[in-house]
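Each chain is listed here by its residues.
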Amino acid sequence: MSLDPVLSRIDSELPQATGRLLELLRIPSISTDPAYKGKCQTAADWLVADLASIGIEASKRQTPGHPMVVGHVDGPGPHLLFYGHYDVQPVDPLELWDNDPFDPQIEETPAGKVIRGRGSSDDKGQLMTFVEACRAWKAVHGALPCRITFFFEGEEESGSPSLVPFMKENAEELKADIALICDTGLFQSRTPAIITMLRGLLGEQITITGPDKDLHSGMYGGVARNPVRVLTRILGGLHDDSGVVQVPGFYDGVPDLPADIAEQWSALDFDWQRFLGDVGLSVPAGEAGRTPLEMIWSRPTAEINGIWGGYTGDGFKTVLPSRASAKVSFRLVGQQDPHALRDSFRAWVTAQLPEDCTVDFHAHGASPASEMSTTHPAFEAARVALSEEWDTDAAYAGCGGSIPIAGYFKTYLDMDAMLVGWAKDDDQIHSPNEKYDLESFHKGIRSWARILDAVTK
Ligand SMILES: [Zn+2]
């Protein structure tokens with residue numbers, strides 16, 4: 001089946017495709033706010049009907065939270081599963097929006113046309129790029145090129161509470177050869193990237209207690225143990241002067257970056273000066289001897305996210321506090337074991353406590369890193385296809401954040417996930433005035449058509 005007529009169809013149908021996206025964007029499917037529960041149902045119904053309009057048998061599947069949408073279409077191998085989410089983030093502060101977030105508009109900007117509205121980039125616009133590619137393919141060839149399962153979630157923006165139970169219950173039905181996820185962006189807003197490394201996350205809260213009540217620093221200062229001093233001394237030793245984390249065993253399971261990946265990353269020509277400059281910084285502050293991209297994508301981190309104790313209000317109070325607390329998080333890579341690391345961190349803190357001090361720990365989330373194996377031939381086929389569409393070498397990239405869904409596909413359905421997406425850095429996802437470039441939408445649809453073509457050849 002030839003690709004060119006599909007691409008032409010996509011080009012000529014762009015206004016209609018955009019119109020359909022605007023319809024979906026008008027449904028305020030905010031998953032975290034119970035007031036919009038009915039709207040999440042409406043969005044799921046809309047997707048079921050839209051898939052039906054291209055001959056895909058789909059249904060809304062209820063969960064204890066918002067429904068999933070699952071659709072199937074038969075065809076020759078390979079079997080692909082496509083994942084996207086139809087729920088969106090809340091819109092407040094509403095007054096910072098230039099228009100109604102759920103009355104999306106096509107806007108002319110100096111950088112080209114954009115679709116402005118909540119969910120345009122995250123993730124309705126991206127989800128629809130795949131659906132539209134399928135629609136065009138079907139219209140031209142009468143059938144899709146392979147077997148495809150469509151899997152849309154409505155709770156991604158509120159922690160995906162139903163996702164893993166649903167995957168487990170429906171594993172037989174959902175299992176495919178490979179999962180395609182469209183919820184990421186272009187590297188530096190211009191280079192198509194297939195995300196193959198996602199960092200994990202471990203969170204801990206520490207409270208150190210010294211005296212059993214707050215004391216007057218005139219009466220006790222000098223003789224009493226100050227837990228803020230104890231806490232800051234310990235946390236001050238979290239890294240050495242070259243940025244290396246000092247918790248014993250921290251680097252167990254941290255792999256070396258493979259030479260071919262290092263080479264690709266350096267070819268990406270990451271403009272870290274601008275990346276840091278955008279937030280008022282100028283010098284990378286990670287481990288000595290690592291490139292900025294390694295610091296973000298392939299190295300683990302330890303960060304203090306918040307710290308408090310004593311008097312922090314207006315004015316001044318000469319208090320010698322009873323307690324001091326901090327929140328500390330770790331981004332994990334490779335085979336680092338979050339549970340072992342939690343134990344090791346706690347032991348490391350406890351061992352440094354002076355007399356008369358006690359420590360309490362409170363556990364927050366723990367998820368390991370996930371790394372995709374790119375050995376499935378679909379990866380290289382997709383990389384070549386993306387390079388053609390965007391006229392620049394597509395890259396296997398890392399991602400500093402954590403996208404748990406990719407790991408779930410591996411853990412519960414034993415399939416690798418290919419994460420691609422067309423979002424740009426300035427899309428303002430989760431913020432007021434979210435937008436999606438019309439070019440991202442258009443080229444995203446074309447990209448999926450090329451990927452479908454490449455992986456079914
Ligand atoms: Zn998203």
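Note that the coordinates shown come from a computational prediction; the quantities given were computed from them, not determined experimentally.

## Regarding the coordination of the zinc ion
The zinc ion binds to the protein through His85 (NE2), Asp122 (OD), Asp183 (OD) and Asp183 (OD), with metal-donor distances spanning 1.9 to 2.5 Å. The site at the zinc ion holds four donor atoms, and with the angles between them running 53 to 142°, its shape is irregular. Within one chain, the residues serving as donors to the zinc ion are arranged as H-x36-D-x60-D. Placement of the pair is Asp122 in the loop between strand S5 (112-116) and helix H4 (124-141) and Asp183 in the loop between strand S7 (178-181) and strand S8 (193-198), with a sequence separation of 61 residues. For the pair Asp122 and Asp183, a shared accessibility class is recorded, and that class is buried.

## Looking at H4
Working note: α-helix, 3.6 residues per turn, so residues spaced by three or four point in the same direction. Here H4 spans 26 Å end to end across 18 residues, near enough to the 26 Å set by a 1.5 Å rise per residue. Most of H4 sits inside the fold, with 14 of its 18 residues counted as buried. Remark: Gly142 follows H4 within two positions and exhibits a positive phi of approximately 85°.

## Some thoughts on unusual backbone geometry
The omega angle of the peptide bond from Gly77 to Pro78 is -5°, so this bond is cis rather than trans. Tracing the backbone through its elements, the reader meets Pro78 in the loop between strand S2 (68-73) and strand S3 (79-85). Geometrically, the link from Asp92 to Pro93 is a cis peptide bond, its omega value of 0° lying close to zero. Despite not being glycine, Ser160 has its phi angle at roughly 50°, a positive value. Residue placement: Ser160 occurs in the loop between strand S6 (147-153) and helix H5 (163-169). One non-glycine residue, Asp269, lies in the positive phi region at around 55°.

## What to know about a negative patch on the surface
Together, Asp269, Asp271, Asp278 and Asp425 make up a region of like negative charge exposed at the surface. Looking at where Asp271 falls in the secondary structure, it is placed in the loop between helix H8 (259-267) and helix H9 (272-277).

## A word on the nonpolar core
Ranked by size, the top nonpolar core spans 100 residues in total, and within it Phe151, Phe152, Phe409, Phe441 and Trp448 carry the most contacts. Counting 24 residues, the second-largest nonpolar core is a separate cluster that includes Leu235, Leu238, Phe330 and Leu341.

## Observations concerning helix H1 (residues 4-12)
Listed as buried for H1 are Val6, Leu7 and Ile10. The buried residues of H1 all sit within an arc of 100° when viewed along its axis, so they share a single face. Across H1 from its buried face, at more than 90 degrees, point the exposed residues Asp4 and Ser12. On its buried face, H1 sits against helix H2 (14-25), H4 and helix H14 (438-455).

## Considerations on the packing of aromatic side chains
Applying the stated criterion across every chain, the model contains 20 aromatic pairs. With a centroid separation of 5.9 Å and 80° between ring planes, the pair formed by Trp422 and Trp448 is classed as edge-to-face. Of this pair, Trp422 sits in the loop between strand S17 (417-419) and strand S18 (435-437) while Trp448 sits in helix H14, and the two are 26 residues apart along the sequence. The class of Trp448 is buried, set by a relative accessible area of 0%. Put simply, the rings of Phe82, Phe130, Phe150, Phe152, Trp390, Trp422 and Trp448 pair up and form one aromatic cluster.

## Notes on the sheet that holds strand S9 (residues 200-209)
The sheet built from four strands is open, its strands ordered S11-S13-S9-S14 with antiparallel pairing. Of all the strands in the sheet, just strand S11 (301-309) and strand S14 (358-367) have a single pairing partner and so form its edges. Between one strand axis and the next, the sheet turns through 15° on average, direction left out of account. Note: S9 against S14, eight bridges, orientation antiparallel.

## What about a nonpolar patch on the surface?
A surface patch of nonpolar side chains, about 360 Å² in accessible area, is lined by Met219, Tyr220 and Val223. On the secondary structure map, Tyr220 appears in the loop between strand S10 (215-216) and helix H7 (227-236). For Tyr220, a relative accessible area of 38% translates into the label partly exposed.

## Notes on the packing of H1 against H4
Closest axis-to-axis distance for the H1/H4 pair is 9 Å, and the angle between their directions is 120°. It follows that H1 is oblique to H4 by the angle criterion. Judged by the twist between their axes, the crossing of H1 over H4 is right-handed. Residues Pro5, Val6, Arg9 and Ile10 of H1 lie in contact with H4, whose contacting residues are Ala136, Trp137, Ala139, Val140 and His141. Here the residues of the contact of H1 with H4 are counted per class, giving seven nonpolar, one polar and one charged.

## Notes on the pairing of S6
Among the seven residues that make up S6, six are buried, leaving the element largely enclosed by the rest of the structure. With five bridges joining them, S2 and S6 adopt antiparallel strand pairing. Within S6, the residue paired with His72 across the bridge is Thr149. Of the pairings in the sheet, the one linking S3 to S6 comprises seven bridges and is parallel in character. Paired with His85 across the bridge in S6 is Glu153.

## Describing the pattern of salt bridges
All told, the structure shown has 28 salt bridges when counted by the stated rule. Between Glu380 and Arg383 there is a salt bridge, and its shortest N-O distance comes to 3.0 Å. Pair noted here: Glu380 and Arg383 are both in helix H12 (residues 377-390), with a separation of three residues, about one helical turn. Among the residues examined, Arg383 registers a relative accessible area of 18% and is labelled buried. One salt bridge in this structure joins Arg450 and Glu389, with 2.7 Å as the shortest N-O distance. One end of the pair, Arg450, is in helix H14; the other, Glu389, is in helix H12, with 61 residues separating them in the sequence. Judged by relative accessible area, Arg450 falls into the buried class, the value being 13%. The class for Glu389 is buried, based on a relative accessible area of 6%. Among the charged side chains, a salt-bridge network with shared partners connects Arg9, Glu13, Arg20, Asp50, Glu132 and Arg135.

The rules behind these values
- Residues numbered from 1 in each chain as written.
- Predicted model: local features only at pLDDT ≥ 70, side-chain atom pairs only at ≥ 80, totals over all residues.
- Heavy atoms only, no water.
- Donors = N, O, S within 2.8 Å, 3.2 Å for Na, K, Ca; no water.
- Tetrahedral: all angles 85-135°; square planar, octahedral: opposite > 155°, others 65-115°.
- Helix = DSSP H or I, 4+ residues; strand = E, 2+ residues; numbered from the N terminus.
- Buried < 20%, exposed > 50% of the residue type's maximum accessible area, 1.4 Å probe, protein only.
- Expected span 1.5 Å × (residues − 1).
- Patch = residues over 30% accessible without salt bridge, like charges linked within 9 Å, V, L, I, M, F, W, Y side chains within 5 Å.
- Areas by Shrake-Rupley, 256 points an atom, 1.4 Å probe, with all protein chains shown as cover.
- Salt bridge = Lys/Arg side-chain N within 4 Å of Asp/Glu carboxyl O.
- Lys, Arg positive; Asp, Glu negative; His and termini not counted.
- Charge placed at Lys NZ, Arg CZ, Asp CG, Glu CD.
- Core = buried A, V, L, I, M, F, W, Y, C linked by side-chain atoms within 4.5 Å.
- Arc of directions from axis to C-beta.
- Contact = heavy atoms within 4.5 Å.
- Phe/Tyr/Trp six-rings, centres within 6.5 Å; stacked < 30°, edge-to-face > 60°.
- Pairing = 2+ DSSP bridges.
- Axes fitted to C-alpha atoms, helices over the stretch in contact; angles between N-to-C directions.
- Parallel < 35°, antiparallel > 145°, perpendicular 65-115°, else oblique.
- Left-handed = near helix turned anticlockwise from the far one by under 90°.
- Nonpolar A, V, L, I, M, F, W, Y, C, P; charged D, E, K, R; others polar.

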